[in-house]
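Structural characterization, general
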Amino acid sequence: MKEQILELLKQSGAKTVSGTFMANRLGISRAAVWKNIELLRKDGYQIDAVTNKGYLLVNAAEMIDPEKIESLLKTDVLARTLEYVREVDSTNNLAKERAKEGAPDGTLILADRQFAGKGRQGRGFYSPQRGGIYMSMILRPKMNAEKTPIITILAASAVCETLNVMFDLNAKIKWVNDIYVGRKKICGILTEAGYEVESAKLEYAVLGIGINLFFADFPEEINHVATCLQHHTARPIDINEIVAQVWNRFEAYYNKEDYSSALRYYRGASMVLGNTVQFEKNGETRDAVAEDIDADGSLIVRYRDGSSDTLRSGEVRIRLPESII
């Protein structure tokens with residue numbers, strides 16, 4: 001009954017729906033309508049009660065709607081199997097469980113909230129209720145395990161392009177997996193892989209994407225480095241359209257025989273190329289100029305003595321005037 005009431009509220013758009021109408025439509029009492037409205041509010045839905053008019057679902061575009069996502073998809077495989085949960089420790093964790101259970105290629109896990117969201121190098125990813133997009137894709141790529149870092153490159157290109165096209169941003173990619181607007185992070189990407197124990201062959205990859213969309217009180221430790229889409233655009237933000245467009249673009253890159261188009265976009269949107277970067281190598285902090293990104297997604301840097309190096313993993317910090325990102 002709760003879901004039926006939610007559907008009536010969604011169908012009304014920006015118009016109120018009276019308790020009497022819902023009661024008559026569903027064959028229940030107005031008291032039952034009120035009880036289910038309260039249950040929906042506890043689930044995180046913002047529902048206003050307008051005197052003498054009824055109930056209004058606020059910010060419907062901020063809520064995940066699997067049917068709407070499906071209607072906007074242009075993919076052949078990706079996100080065609082979709083599992084939506086209200087709350088989870090980490091969508092990557094759940095996706096790995098489903099992958100081990102045999103979930104098909106292209107299965108998408110979506111959540112309203114993560115209470116233990118995962119970032120790179122063991123960090124957390126702040127994922128408040130209805131604060132953004134928290135999703136993980138199960139992929140079963142036909143590629144060697146050492147090639148899997150390219151998945152992150154494709155995802156970063158797809159997310160950055162989606163945000164820039166839909167909202168006219170100037171988002172940039174920080175090698176290898178973060179999207180920035182200005183000097184603050186708006187999106188993080190984490191790719192994890194599972195291997196067959198005996199053969200050590202790649203069995204699946206789980207691609208996790210977290211995008212900050214709506215105003216949130218970021219924890220003090222990340223408030224100076226995190227931002228959200230709502231802070232940078234006055235355009236309407238529809239979470240379902242963003243989800244669909246990311247996977248439409250990702251599949252277009254992923255299905256090609258080579259990844260040159262994604263790499264071309266990635267290089268053009270890079271915020272590291274041409275800048276001095278700082279990184280750890282063999283236990284030593286080093287500085288070098290970021291020169292290029294190769295066909296595998298590795299970062300090519302050049303030291304002051306003219307020698308070059310290739311960074312295949314890890315994290316870099318960018319030296320900019322008055323700050324390090």
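Figured I'd write up the structure that's included with this text.

Parameters and conventions
- Residues numbered from 1 in each chain as written.
- Predicted model: local features only at pLDDT ≥ 70, side-chain atom pairs only at ≥ 80, totals over all residues.
- Heavy atoms only, no water.
- Helix = DSSP H or I, 4+ residues; strand = E, 2+ residues; numbered from the N terminus.
- Buried < 20%, exposed > 50% of the residue type's maximum accessible area, 1.4 Å probe, protein only.
- Pairing = 2+ DSSP bridges.
- Disulfide = S-S within 2.5 Å.

Considerations on unusual backbone geometry
With an omega dihedral of 10°, the bond running from Trp175 to Val176 counts as a cis peptide bond. For Ala79, which is not glycine, the phi torsion reads 70° and is therefore positive. With respect to the helices, strands and loops of the structure, Ala79 is situated in the loop between helix H4 (66-72) and strand S3 (81-88). Looking at Ala79, the relative accessible area reads 4%, which means it is buried. Within the chain, Asp168 stands out as a residue other than glycine whose phi angle is a positive 55°.

Quick notes on the sheet that holds strand S14 (residues 316-320)
Strand pairing within a sheet occurs via backbone hydrogen bonds; the two strands may be parallel or antiparallel. On the basis of which strands lie adjacent, the open sheet formed by 6 strands has the order S13-S12-S11-S10-S14-S15 and antiparallel pairing. Either end of the sheet is taken by a strand with one partner, and the two such strands are strand S13 (308-311) and strand S15 (323-324). As judged from the 6 bridges shared by strand S10 (residues 276-281) and strand S11 (residues 284-293), these two strands associate in the antiparallel manner. Looking at the pairing, Lys281 lines up with Glu284 of S11.

Points about the state of the cysteines
Under the definition given, this model contains 0 disulfides. Here Cys160 is not disulfide-linked; the sulfur of Cys187 is the nearest cysteine sulfur, at 9.1 Å. Cys228 forms no disulfide, and the closest cysteine sulfur to it belongs to Cys187, at a distance of 13 Å.

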